[in-house]
Amino acid sequence: MTIALNATRQEWLAARLDLLEEEKELTRRSDALAAKRQQLPRVRIDKEYRFDTEGGDASLKDLFGGRSQLLVYHFMFGPDYSVGCPSCSTIADGFNGFFVHLQNHDVAFTVVSRAPLEKLQAFKRRMDWSFPWASSAGSDFNADFSVLFTPEQQRAGGIEYNYRREPPAPEPLAGKTVGEWQSRDDEGPVGQIAAMTGTDVPTYTRDRPGVSAFELIDGAVYHSYSTYARGLDGMWGMYQWLDRAPKGRNETGVWWRHHDRYGTE
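Now for a description of the structure that goes with this document. (Residues numbered from 1 in each chain as written. Predicted model: local features only at pLDDT ≥ 70, side-chain atom pairs only at ≥ 80, totals over all residues. Heavy atoms only, no water.)

Now for the overall build of the protein. Along the protein, the regular secondary structure elements total ten helices and ten strands. Over its C-alpha atoms, taken along the principal directions, the protein stretches across nearly 65 × 50 × 35 Å. A total of 265 residues make up the protein; the buried ones form 40% of that total. Sequence-distant contacts, at least 24 apart, represent 60% of the contacts inside the protein between residues at least 6 apart. For the protein, the computed accessible surface area is about 15300 Å², with 53% contributed by carbon and sulfur atoms. In the protein, which carries 31 positive and 37 negative side-chain charges, the distance between the mean positions of the two groups comes to 2 Å. (Helix = DSSP H or I, 4+ residues; strand = E, 2+ residues; numbered from the N terminus. Buried < 20%, exposed > 50% of the residue type's maximum accessible area, 1.4 Å probe, protein only. Contact = heavy atoms within 4.5 Å. Areas by Shrake-Rupley, 256 points an atom, 1.4 Å probe, with all protein chains shown as cover. Lys, Arg positive; Asp, Glu negative; His and termini not counted. Charge placed at Lys NZ, Arg CZ, Asp CG, Glu CD.)

Below, the discussion takes up a nonpolar patch on the surface. Side chains of Met 1, Ile 3 and Leu 5 sit close together on the surface and give an oily, nonpolar patch of about 470 Å² of accessible area. Its place among the elements puts Leu 5 in the segment before helix 1 (9–38). (Patch = residues over 30% accessible without salt bridge, like charges linked within 9 Å, V, L, I, M, F, W, Y side chains within 5 Å. Salt bridge = Lys/Arg side-chain N within 4 Å of Asp/Glu carboxyl O.)

Membership of the largest hydrophobic core comes to 32 residues, with the highest contact counts inside it found for Tyr 73, Phe 75, Phe 131 and Trp 133. Where this core is concerned, the elements lending two or more residues are helix 2 (86–92), helix 3 (95–103), strand 5 (107–113), helix 4 (117–127), helix 8 (189–196) and helix 9 (201–204). In terms of nonpolar packing, the next biggest core, distinct from the first, is built from 16 residues, Ile 45, Phe 51, Val 112 and Phe 141 among them. (Core = buried A, V, L, I, M, F, W, Y, C linked by side-chain atoms within 4.5 Å.)

Before going further, it helps to examine the pattern of salt bridges. Throughout the structure, instances matching the rule amount to 18 salt bridges. We note a salt bridge from Asp 144 to Lys 47, for which the minimum N-O separation is 2.9 Å. One end of the pair, Asp 144, is in helix 5 (residues 141–144); the other, Lys 47, is in the loop between strand 1 (43–45) and strand 2 (50–53), and 97 residues separate them in sequence. According to the relative accessible area criterion, Asp 144 is partly exposed, its value standing at 36%. Of the residues examined, Lys 47 reaches a relative accessible area of 41% and is grouped as partly exposed. The closest approach of N and O atoms between Arg 208 and Glu 166, which form a salt bridge, is 2.7 Å. Here the residue Arg 208 occupies a position in the loop between helix 9 and strand 9 (210–217), and Glu 166 occupies one in the loop between strand 8 (164–165) and helix 7 (178–182), the gap between them amounting to 42 residues.

Further remarks concern the environment of Ile 91. Within the secondary structure, Ile 91 is located in helix 2. For Ile 91, a relative accessible area of 3% puts it in the buried group.

On to the pairing of strand 2. With burial as the criterion, only one face of strand 2 is covered, namely that bearing Phe 51 and Thr 53; the residues Arg 50 and Asp 52 on the opposite face remain uncovered. Relative to strand 3 (residues 56–59), strand 2 runs antiparallel, the two sharing four bridges. Pairing of Phe 51 across the sheet is with Ala 58, part of strand 3. Counted between consecutive antiparallel strands, the loop separating strand 2 from strand 3 contains two residues. (Pairing = 2+ DSSP bridges.)

On to unusual backbone geometry, then. Phi angles above zero are rare outside glycine, and Ser 146 is one such case at about 60°. You can see Ser 146 is positioned in the loop between helix 5 and helix 6 (151–156). Assessed through its relative accessible area of 23%, Ser 146 is described here as partly exposed. A positive phi is found at Ala 229, a non-glycine position, where the angle reads about 50°. On the accessibility criterion, Ala 229 (34% relative accessible area) is partly exposed.

Here is the structure:
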């Protein structure tokens, strides 16, 4: 695409007004999708999930904190990770600013990961985060909401993530390096991110990111919505800004880091 340079202000304004009409249509479409999202049928949750929180042992219902709605961010931080996923971390960097507003608008907000609470709390202190973070270690919560998979599922092609079934891993996983499992060198993007968490690709990708929404109705918990993968794009605050920058996302690979690691390599 060729970008016109040395345009007049009038030429720029005409092009901008054309784009504005498309932006307005996108906004209207987004509003319509949000309404449809809210009208999805509810699924009652009768299973008893337990979480380890700063306030002690908690049920899924407890995570509502007296509110009628609950939003959960499924953060990739498995028990074998040394630190949280850097991609999830860039999303979580925006949580401090808004979660207090949600909680004062009848919407509870909690991040959930499988790592032990002590490990989550240590990383949370390092990142200077204040949002609630619960450990689902020992619970089926992650698996039931499609953000945790087993080595057997990886081998057999039994992973259904983002409402699609993934193909089986190309080779047995045991003892394989990142490069062998990816069938390419370990400098691939997934390998780079896995290395930042202190894991290999198979271990790293058994946990997945997502968002799930729940509603409390007459004392019972209902699941209303979940989204994964590119469905999380709107929650990456940095991307909303980059999409408005002159060069856009301008990406050729994994460039982001944990926010305290920029300039250290």
